[in-house]
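# Working through the structure, step by step
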Amino acid sequence: MSDRSEDTPAQAEFRAAARAFLTNHAEPRSTVDLWQVAGLPHDDEARTYFESGRSWQRKLAKNGWAGLTWPTDFGGGGHPPWSDRIFREESDNYGSNPGFVGATISMLGPTLLAHASEELKVRFLPSLISGETAWCQLFSEPSAGSDLASLATRAVLDGEHWVVDGQKVWNSCAQFADWGFLLARTNPDATKHQGITFLLVDMTSPGIEVRPLIQANGSSHFNEVFLSSVRIPINQVVGEINGGWTPTRTVLANEAAFIGRGGGAPASERLLNLAAQHNSLDDPTVRQRLARIISRERLQNLMGQRVQSAIRGGQHPPFDPALTKVLAAGTKVLTGELAAELAGPAAVAGPQTGNREGIWIQSELLNRFAISIGGGTTEVQKNNLAERSLGLPREPETNRGVSWKDVPRS
Ligand SMILES: Cc1cc2nc3c(=O)[nH]c(=O)nc-3n(C[C@H](O)[C@H](O)[C@H](O)COP(=O)(O)OP(=O)(O)OC[C@H]3O[C@@H](n4cnc5c(N)ncnc54)[C@H](O)[C@@H]3O)c2cc1C
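Here is what the cut-offs are and how they apply
- Counting of residues starts from 1 at the beginning of each chain's written sequence and follows it residue by residue.
- pLDDT decides what is reported in this predicted model: residues at 70 or higher carry local features, side-chain atom pairs at 80 or more are listed and counted, and totals for whole chains, interfaces and linings draw on all residues regardless.
- With hydrogens and water set aside, each side-chain value is computed from the structure's full complement of heavy atoms.
- Every axis corresponds to a line fitted to the C-alpha atoms, with the helix fit spanning only the stretch in contact, and the corresponding angles, defined between N-to-C directions, vary from 0 to 180 degrees.
- Secondary structure elements follow DSSP: runs of H or I of four or more residues count as helices, runs of E of two or more count as strands, with numbering from the N terminus.
- Should an angle lie under 35 degrees it is considered roughly parallel, over 145 roughly antiparallel, and from 65 to 115 roughly perpendicular; all remaining angles are considered oblique.
- For any helix crossing, the convention is left-handed if the near helix is rotated counterclockwise from the far helix by under a right angle, and right-handed if that rotation is clockwise.
- We call two residues in contact when some of their heavy atoms are within 4.5 Å.
- Under this grouping Gly is polar, as are all residues other than the nonpolar Ala, Val, Leu, Ile, Met, Phe, Trp, Tyr, Cys and Pro and the charged Asp, Glu, Lys and Arg.
- Only protein chains enter the calculation, and the probe is 1.4 Å; a residue is then buried if its accessible area is under 20% of its type maximum, exposed if over 50%, and partly exposed in between.
- A pair of strands is labelled paired if DSSP reports no fewer than 2 bridges between them.
- In these notes, residues near a molecule or strand are those with any non-hydrogen atom within 4 Å of it.
- Polar contact is defined as a pair of N or O atoms within 3.5 Å, subject to the rule that within protein one atom must be able to donate a hydrogen and the other to accept it, and that residues adjacent in sequence are counted only when both atoms are side-chain atoms.
- Computed with the Shrake-Rupley method and a 1.4 Å probe, the accessible areas treat only the protein chains shown as cover for residues.
- All domain edges in this entry derive from an automatic or database-based domain assignment.
- Here a salt bridge means any side-chain nitrogen of Lys or Arg lying within 4 Å of a carboxyl oxygen belonging to Asp or Glu.
- By nonpolar core we mean a set of buried residues, namely Ala, Val, Leu, Ile, Met, Phe, Trp, Tyr and Cys, connected to one another through side-chain atoms within 4.5 Å.

### Quick notes on the packing of helix α7 (residues 267–277) against helix α8 (residues 284–312)
Two elements in contact, α7 and α8, have axes whose closest approach is 10 Å; the angle formed by their N-to-C orientations is 165°. In this view, α7 runs roughly antiparallel relative to α8, as classed from their interaxial angle. For the pair α7 and α8, the sense of crossing is left-handed. Here A267, S268, L271, L272 and A275 of α7 come into contact with α8, specifically with V286, L290, I293, I294 and E297. Each residue belonging to the contact of α7 with α8 can be placed in one class, and the counts come to 8 nonpolar, 1 polar and 1 charged.

The structure is reproduced here in structure tokens:
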């Protein structure tokens, strides 16, 4: 049944079932607009794009194809670790994907599984997997990005509630999200990593104001989120009170793995199309640059698969997931620059002329540094890799052991 000779009989059967489902329900890749972009300039378009991802996730869940390896008790499929890889290999031939909803499932799902109470798992995992509840990440602050643990948003206990005050920033898709996973300082006397609590917050709670940030191309991928006396029930804590750094690390590792592995049609497909349109396919320097990008994409894909199958099998990844993200961030820069050079003036005329390719190129150019920053900057990831994977000395830190409230901040 399978055309993958390495499949076991069980895998071949699973692959055939996945293919049958996708053939009946997913959008064929050939009908998808090659130049579709994720960051759309108009709010209604962006919402439609976000909701189309969510509705695909709902369809996956309804038909038993979501949360494949997750426990059945929490709405998952209980399938073996290889099931995700096979489903992904088959889905890559189609255009349908869960978009940003898929990103938050990848970040929050393993975090809830590893660190949340049974009560929270039962309450939140099924609706996360099914896309009924869309989530956003409320971590970064104006003075806490790379140094996330210095965050200043406060949560204070008041009877049966946490009362939260503070400001978050760069929160992707917060304007569309139903719930957020939020970091707040609950013990200012402890050192910066020790006094943080990981909270789950209903985005419709009184006191939450989401203000979209408008980017250079008019789109608002991310937002500022202001929290004023927001009340969160006391039990909506993941992990230990003041021990929120542990689940945070799980989110960050899964975020790096998700960004690194990429998804959807590879950018090189569009580059090849552009090179053909602009008669550059025979240019040896263009060919070299294309070959470099294609090789990096293949490597990222293989590395992503190894990391994912280890995570899904409950094992440590064979290498730090940050490595894949650093590679992907570099590829994105190469892609944006080659696209702009191939198209020449068409690269700047996109939105003005309604030219689809131009809109894609402009988006690639504007966003070519986005994944070098989002989910932890390349510089910081390299520092972490140097320390964790290469055993180089730690970065000097002047405030080690000092309580958060005594660390000078602007
Ligand atoms: C597309 C995108 C989506 C995002 N989505 C979200 C989201 O949904 N939720 C959320 O909470 N946040 C989100 N972010 C924010 C992101 O996590 C932060 O932008 C990132 O962690 C960097 O923080 P910063 O912007 O404050 O930069 P800073 O930390 O101020 O860094 C500024 C510069 O200094 C460098 N630098 C800092 N420290 C070091 C060091 N120790 N060694 C070497 N260089 C250093 C950095 O590499 C960078 O170049 C998103 C960002 C982007 C771009």
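### Considering the pairing of strand β5 (residues 196–202)
A regular strand carries its side chains on alternate faces of the sheet. Buried residues dominate β5, accounting for 6 of its 7 residues. As judged from the 7 bridges shared by strand β4 (residues 179–185) and β5, these two strands associate in the antiparallel manner. When the sheet's bridge partners are listed, L182 is paired in β5 with L199. Note that β5 and strand β8 (residues 237–238) share 2 bridges and pair antiparallel. Its bridge partner being in β8, L199 is matched across the sheet by V237.

### Concerning the site of the ligand
Near the ligand, the surroundings consist of 19 residues, among which S140, S146, W170, T377 and E379 are the closest. A distance of 2.6 Å separates an oxygen atom of the ligand from a polar atom in the side chain of S146. Between a nitrogen atom of the ligand and a side-chain N or O atom of S172, the distance comes to 2.8 Å. Burial of the ligand by the protein chains amounts to 67% of its free accessible area of 980 Å². If one sorts the elements of the shell around the ligand by residue count, strand β3 (residues 161–172) sits on top with 4 residues. Both domains that furnish three or more residues to the shell around the ligand are identified here as domain 2 (135–244) and domain 3 (266–388).

### Quick look at the environment of N399
Structurally, N399 is set in the segment after α13 (378–388). Here N399 falls in the partly exposed class, since its relative accessible area comes to 29%. A sequence separation of 208 residues divides N399 from T191, and the C-alpha atoms of the two residues are 8.9 Å apart. In contact with N399, other than residues within four places in its own chain, are V407 and P408.

### What about the pattern of salt bridges?
The tally for this structure, following the rule as stated, stands at 23 salt bridges. The partner of K192 in a salt bridge is D147, and the shortest N-O contact between them spans 2.9 Å. A residue pair is termed long-range when its members are at least 10 positions apart, and K192 in the loop between β4 and β5 and D147 in the loop between β1 (135–138) and β2 (154–158) qualify at 45 residues. Taking the relative accessible area as the measure of exposure, D147 reaches 37% and is therefore partly exposed. For the salt bridge of D406 with K405, the shortest nitrogen-to-oxygen distance reads 3.7 Å.

### Considering the nonpolar core
The biggest cluster of nonpolar side chains holds 48 residues, and the ones touching the most others in it are F87, L112, F181, F198 and L200. Elements with a minimum of two residues in this core: α1 (9–25), α2 (43–62), α3 (82–91), α4 (100–115), α5 (118–130), β4, β5 and α6 (245–261). Take this core: its biggest share by element is 7 residues, from α4. Counting contributing residues, this core receives three or more from each of domain 1 (9–130) and domain 2 (135–244). Non-local contacts of F87, meaning those with residues more than four positions away in its chain, are made with F14, A18, F21, L22, L60, W65 and L68. Grouped together as the second largest cluster of nonpolar side chains are 18 residues, V164, A177, I208 and V230 included.

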